[in-house]
Amino acid sequence: MTNQKVKNVLIVGGGIIGLTAAIALNKIGIQAEIVEKEMQWNVYGVGIIQPPNALRALNEIGVAEHCLKLGFSFPGFDYYDGQGNFLYRVDSPTIEGYPGVNGISRKVLHQILLNEVLQIGTKIYMGTTVTTTNDKGEGVAVQLSNGIYANYDLVIGADGANSQIRKIMFGNITQKYSEQGVWRYTFKRLKGLDRGLFYYGKSAKAGLVPMSEEKMYLLVTTHEPNNPKFSKDQLHLLLRERLSGFGGIIAQLAKEITNPTQVVYRPIFSHLLPSPWYKGNVLLIGDAAHGSAPHLGQGASIAIEDVIVLADILKEDHNVQESLEIFMKKRFDRCRMIVENSDQLVEWELLSWYGSLSKDVNVGKYVKETLEKMNEPILEQHTELKGKLYL
């Protein structure tokens, strides 16, 4: 069924979530346009972890097989102490037909999605922002910075944690600083590395994630009180300094961190916009509505799920307000769980570095139970993965 009440949509943000939205809407017969503030595609970040629920959602728009082919699938993670002594092995909860984890370059994932968007002919306005919106009850009149003034049945804000459209609609919000930062750096994949690896130091956590046959990335979580600002030309030295307490392979890799421009550092913030995430016919999704710490690897996953659930609702001939009400009922509690559970993991990690984590806390069980919940269906019927690339 084609929705007769939602025919044209403006998507704010041309990142992974905005592109996913354009593809999903096209598949149900809804025309979308994208505004992207950057003049050129500049994909920030290194790699991304795709758990089964992310791949299942991407399969609904036909790109999961591409991700599995161009990424690196593995069953789970091995855990070590900071000196490289083996502790235990954990396989991630799975969905039938999908791996426990797929690592992939953010740039590769963005290109997969962009290729699809270009193929379907989605109009993209680069170097453009939304200046004003005027809700007309049955639509939104939008003034763009490029001079275009147009009416849309629905506007979707998919422009990230520092969303401009959120500020227009809801004003400024306070994001919670976690007292942690995460560092990433790309390396050649270690020979034989066919699982993710985590190393627990006394005051930092380091991980290695394969993201293709050729590449892997290092991620390091550190305690960064008061959200310090770092000089970009010193990032390689600062990262190496934070790895100085590690031994084994992490210590060896630290010596290879020589290019400050290849170090990606982000302070970790979280936020959850109160329900509803819409005003009139303007809806926020993904990090614009809910930003989480990366400790569960679910931030991008639940953002992609937002898109798939929204498109599934818009297949029916509800009016916009009815559709958005249904969307909130389906999405708020699930996204809140990820934000809150990720915040809990941050708190426990800091306590462990302080040496004051209760022995009663079972982090592994908590993570496993959360990920199992995320593998529960989000649609009445999911599309079967055709390629069966991972069995």
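What comes next is a walk through the structure.

1. Quick notes on the overall build of the chain
Part 1 of the reasoning: Helices and strands together make up the secondary structure of the chain, namely 10 helices and 20 strands.
Part 2 of the reasoning: For 391 residues, the compact-globule formula gives about 21 Å, and the C-alpha radius of gyration of the chain, at 21 Å, lands near that figure.
Part 3 of the reasoning: Taken along its principal axes, the extent of the C-alpha atoms in the chain is 60 × 45 × 40 Å.
Part 4 of the reasoning: A burial count over the chain gives 53% of its 391 residues as buried.
Part 5 of the reasoning: Intrachain contacts of the chain at a sequence separation of at least 6 include 74% that bridge at least 24 residues.
Part 6 of the reasoning: Carbon and sulfur atoms provide 48% of the accessible area of the chain, an area that totals close to 17800 Å².
Part 7 of the reasoning: Treating the 41 positive side-chain charges of the chain as one cloud and the 41 negative ones as another, the clouds have centres 4 Å apart.

2. Some thoughts on unusual backbone geometry
Part 1 of the reasoning: Here Ser275 and Pro276 are connected by a cis peptide whose omega angle stands at 0°.
Part 2 of the reasoning: Along the chain, Pro276 turns up in the loop between strand 17 (264–272) and strand 18 (278–279).
Part 3 of the reasoning: Even without glycine at this site, Glu179 takes up a positive phi of about 70°.
Part 4 of the reasoning: The phi angle at Asn226 is positive, at roughly 65°, despite the residue not being glycine.
Part 5 of the reasoning: Turning to its location among the elements, Asn226 is positioned in the loop between strand 16 (215–223) and helix 6 (235–242).

3. Description of the sheet that holds strand 2 (residues 31–36)
Part 1 of the reasoning: Reading across the sheet, the six strands line up as 8-2-1-12-19-18 and stay open at both edges, with mixed pairing between neighbours. In this open sheet, the two strands that pair with only one neighbour each are strand 8 (123–126) and strand 18.
Part 2 of the reasoning: As paired elements, strand 1 (residues 8–12) and strand 12 (residues 154–157) share four bridges and run parallel to each other. Note that in strand 12 the partner of Val9 across the bridge is Leu154.

4. Here we look at the nonpolar core
Part 1 of the reasoning: Counting residues in hydrophobic clusters, the biggest one holds 82 residues, and the most contacted among them are Val9, Leu10, Ile11, Leu25, Trp277 and Phe327.
Part 2 of the reasoning: When residues no more than four places from it in sequence are discounted, the contact partners of Ile11 are Gly18, Ala21, Ala22, Leu25, Ala32, Glu33, Ile34, Val35, Ile156 and Ala158.
Part 3 of the reasoning: Tyr80, Tyr177, Trp183 and Ala206 belong to the second-largest nonpolar core, a separate cluster that totals 25 residues.

5. Regarding the state of the cysteines
One way to say it: the disulfide is the covalent bond shared by the sulfur atoms of two cysteines.
Part 1 of the reasoning: Going through the model one piece at a time under the given rule, you end up with zero disulfides.
Part 2 of the reasoning: Unpaired in terms of disulfides, Cys67 finds its nearest cysteine sulfur in Cys335, a separation of 20 Å.
Part 3 of the reasoning: Owing to a relative accessible area of 0%, Cys335 belongs among the buried residues under this scheme.

6. Remarks on the packing of aromatic side chains
Part 1 of the reasoning: What the rule picks out here adds up to 15 aromatic pairs.
Part 2 of the reasoning: With 5.5 Å between their ring centres and 75° between their planes, Tyr80 and Phe86 make a pair best called edge-to-face.
Part 3 of the reasoning: Classification of Tyr80 as buried rests on a relative accessible area of 16%.
Part 4 of the reasoning: The exposure class of Phe86 is partly exposed, given its relative accessible area of 49%.
Part 5 of the reasoning: Aromatic pair Trp183 and Phe230: ring centres 5.5 Å apart, planes at 35°, arrangement tilted. Of this pair, Trp183 sits in strand 13 (residues 176–188) while Phe230 is found in the loop between strand 16 and helix 6, placing the two residues 47 residues apart along the sequence.

7. Quick word on helix 9 (residues 320–354)
Part 1 of the reasoning: Between its terminal C-alpha atoms helix 9 stretches 49 Å, which fits the 51 Å expected from 35 residues at 1.5 Å a residue.
Part 2 of the reasoning: Approximately 35° is the largest bend angle found in helix 9, and it occurs at Arg331.
Part 3 of the reasoning: Measuring from the backbone nitrogen of Gln321 back to the side-chain oxygen at the start of helix 9 gives 3.1 Å, which picks out Asn319 as the cap.
Part 4 of the reasoning: Phi turns positive one or two residues past the end of helix 9, at Gly355, with a value near 80°.

Calculation notes
- Residues numbered from 1 in each chain as written.
- Predicted model: local features only at pLDDT ≥ 70, side-chain atom pairs only at ≥ 80, totals over all residues.
- Heavy atoms only, no water.
- Helix = DSSP H or I, 4+ residues; strand = E, 2+ residues; numbered from the N terminus.
- Rg over C-alpha atoms; globule rule 2.2 N^0.38 Å.
- Buried < 20%, exposed > 50% of the residue type's maximum accessible area, 1.4 Å probe, protein only.
- Contact = heavy atoms within 4.5 Å.
- Areas by Shrake-Rupley, 256 points an atom, 1.4 Å probe, with all protein chains shown as cover.
- Lys, Arg positive; Asp, Glu negative; His and termini not counted.
- Charge placed at Lys NZ, Arg CZ, Asp CG, Glu CD.
- Pairing = 2+ DSSP bridges.
- Core = buried A, V, L, I, M, F, W, Y, C linked by side-chain atoms within 4.5 Å.
- Disulfide = S-S within 2.5 Å.
- Phe/Tyr/Trp six-rings, centres within 6.5 Å; stacked < 30°, edge-to-face > 60°.
- Expected span 1.5 Å × (residues − 1).
- Bend = angle between axes of the 7 residues up to and from the residue.
- Polar contact = N/O pair within 3.5 Å; in protein donor to acceptor, adjacent residues only side chain to side chain.

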